[in-house]
Amino acid sequence: MAAENSTGALFRVLRSNEQSRVTSVELFFDLVFVYAVTQISHFLLSRFTPVGAVQTGLLFLAVWWVWVYTAWVTNWLDPAKAPVRLLLFGMMLAGLVLSMAMPRAFDDRGLWFASAYAAMQVGRTLFWALATPAPRRSARANAIRILCWLSTSAIFWLLGAFAHGDQRLLLWGVAIAIEYVSPSVRFWIPGLGASTMEDWTVDGGHIAERCAGFILIALGETIVMTGATFADIDWTEASVAAFFCAFVGCVSMWGIYFNRGAEAGSELISRSSESGRIARSAYTYLHMPIVAGIILTAVSDEIVLKHPTGHSDLNTVATTIGGPFVFLFGTILFKREIRGILQLSHGVALIALIGLGWFAPGLSPLALSALTSALLAIVAVWETLSLRSKPEPHASATSA
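Residues numbered from 1 in each chain as written. Predicted model: local features only at pLDDT ≥ 70, side-chain atom pairs only at ≥ 80, totals over all residues. Heavy atoms only, no water.

Asker: Looking at this model, I keep getting lost on the overall build of the protein. Mind explaining?
Answerer: The helix and strand inventory of the protein stands at 16 helices and 0 strands. Counting all 400 residues of the protein, 55% fall into the buried class. Sequence separation of 24 or more characterises 79% of the internal contacts of the protein that already satisfy a separation of 6 or more. Of the roughly 17100 Å² of accessible surface on the protein, 69% is carried by carbon and sulfur atoms. (Helix = DSSP H or I, 4+ residues; strand = E, 2+ residues; numbered from the N terminus. Buried < 20%, exposed > 50% of the residue type's maximum accessible area, 1.4 Å probe, protein only. Contact = heavy atoms within 4.5 Å. Areas by Shrake-Rupley, 256 points an atom, 1.4 Å probe, with all protein chains shown as cover.)

Asker: Is there a simple way to explain helix 14 (residues 344-359) in this structure?
Answerer: Quick reminder: α-helices carry 3.6 residues per turn. Residues three or four places apart thus point the same way. With 16 residues, helix 14 should reach 22 Å at 1.5 Å per residue; the first-to-last C-alpha distance of 24 Å fits that figure. Buried within helix 14 are the following residues: Ser345, His346, Ala349, Leu350, Leu353 and Leu356. Looking straight down helix 14, one finds that the buried residues subtend no more than 135 degrees of arc, so they occupy a single side. Opposite its buried face, helix 14 presents the exposed residues Leu344, Ile351, Ile354 and Trp358, each directed more than 90 degrees away. (Expected span 1.5 Å × (residues − 1). Arc of directions from axis to C-beta.)

Asker: How should I be thinking about the packing of helix 3 (residues 50-76) against helix 8 (residues 204-231) in this particular structure?
Answerer: How two helices pack is summed up by the angle between their axes together with the distance between the axes. Relative to each other, helix 3 and helix 8 sit at 150 degrees, their axes nearing to 10 Å. Here helix 3 is positioned roughly antiparallel relative to helix 8, judged by the angle of their axes. Of the two elements, helix 3 crosses helix 8, and the hand of that crossing is right-handed. Touching Trp64, Trp67, Ala71, Trp72, Thr74 and Asn75 of helix 3 are His206, Ile207, Arg210, Cys211 and Phe214, all from helix 8. By residue class, the composition of the contact of helix 3 with helix 8 is 7 nonpolar, 3 polar and 1 charged. (Axes fitted to C-alpha atoms, helices over the stretch in contact; angles between N-to-C directions. Parallel < 35°, antiparallel > 145°, perpendicular 65-115°, else oblique. Left-handed = near helix turned anticlockwise from the far one by under 90°. Nonpolar A, V, L, I, M, F, W, Y, C, P; charged D, E, K, R; others polar.)

Asker: It is not clear to me how the packing of aromatic side chains should be interpreted in this structure. Could you clarify?
Answerer: Two numbers describe a pair of aromatic rings. These are the distance of the centres and the angle of the planes. In this structure the tally under the stated criterion is 23 aromatic pairs. Between the aromatic rings of Trp65 and Tyr285, the centroid separation amounts to 5.6 Å while the plane-to-plane angle is 45 degrees, which identifies the pairing as tilted. Placement of the pair is Trp65 in helix 3 and Tyr285 in helix 11 (residues 275-285), with a sequence separation of 220 residues. We classify Trp65 as buried; its relative accessible area is 0%. Ring plane angle 25 degrees and centroid distance 5.7 Å describe the contact between Trp254 and Phe258, whose orientation is recorded as stacked. Taken together, the residues Trp254 and Phe258, both in helix 9 (residues 237-258) and 4 residues apart, mark about one turn of the helix. (Phe/Tyr/Trp six-rings, centres within 6.5 Å; stacked < 30°, edge-to-face > 60°.)

Asker: Please explain the nonpolar core as it appears in this structure.
Answerer: The nonpolar side chains of soluble globular proteins are, as a tendency, buried together. Judged by nonpolar contacts, the single largest core of 100 residues is most densely connected at Phe33, Trp64, Phe113 and Trp157. Sort the elements by how many residues they give to this core and helix 3 lands first, with 15 residues. Among residues more than four places away in sequence, those in contact with Trp64 are Tyr180, Cys211, Phe214, Tyr283, Thr284, His287, Met288 and Val291. Listed in part, the 7 residues of the second largest apolar core include Phe230, Ala242, Leu305 and Leu366. (Core = buried A, V, L, I, M, F, W, Y, C linked by side-chain atoms within 4.5 Å.)

Asker: Looking at this structure, I do not really get the packing of helix 9 against helix 13 (residues 314-339). What am I missing?
Answerer: At a minimum axis separation of 10 Å, helix 9 and helix 13 run at an interaxial angle of 15 degrees. As the angle between them shows, helix 9 and helix 13 are arranged roughly parallel. At the point where helix 9 passes helix 13, the crossing takes the left-handed sense. Across the interface between the two elements, Met253, Ile256 and Tyr257 of helix 9 pack against Phe327, Leu328, Thr331, Phe334 and Lys335 of helix 13. Class assignment of the residues belonging to the contact of helix 9 with helix 13 gives a composition of 6 nonpolar, 1 polar and 1 charged.

By themselves these figures say nothing about function.
Given below as structure tokens:
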């Protein structure tokens, strides 16, 4: 213990058979991302065009990446230590600037957005590198590798901020591509080479709990958008029915993710000798479509609440079917990673959603929302019943 403290004063002290809990300051930090997720939804609603969808996707990738990188770093650094807390408070300030600039990130606030994002990514990693003592050679080398990659992407973020229109989108696309490709090449840089999986050993339970918390952030944003929209419209039979459908869909998504899926993931990664690999695949990458699906569903709920009758236009169909589809697609891959099997209920629902897309333009937004919410509810109930009838298969997934 003394040796651990002397070689890493700001690092968590990991004990065998005991996982680190998510701290209150980490949850406090997450509050900024409740606002960020809301801004993403509003951005898509205000720019519902092909270009607007691409821009929204880029903003979402940036928000997710800056959050999940912070989750990784606070898995190693101890948020109970004052310097680490100050780091998180500083990132909260930058995160607020990033979120406030988001609606006009492709207009006159591009520099604010890019500067805040680059400051969060580079600043946090630089702090991690400086906080890592010399005896922790592999950890310090890992931090330096990541710092080099994020500093390179920061150049493109800032160049894009001074560009306009499609050129800004292109430069920011290059920046986000650099950041997403870097883990696949294990952050290779000349001189230090590439990182190893041993460099990415994490407290698996903590990572699982942090990502489950972000799912709750996205679901909470859905509830907030639904409640705020419903409060401002006339309460007709159609709008009340749309509100009920939105609520059922939200509860069903919670059940699909948390009904032993999140628990199984936490147990698997906590026991695994390859916690870094699982954290990278199951939580860093495969959680992205889960969160994106929830955000798309929140957008759909607002559209349907405001216009429940008539025929469904392309935007309504894309979000009302696309939201549950992307969510279930991410969930089935996540559960495949942690359980070693493909969930039959999820696969059937995905096929049903594809089929529903054929008839969707002829349905009213309310009818379409009712059908997709019913599908999500069926999946949640189906999985609950199937899991009660057989033991969890994640023991075999661990050995695989």
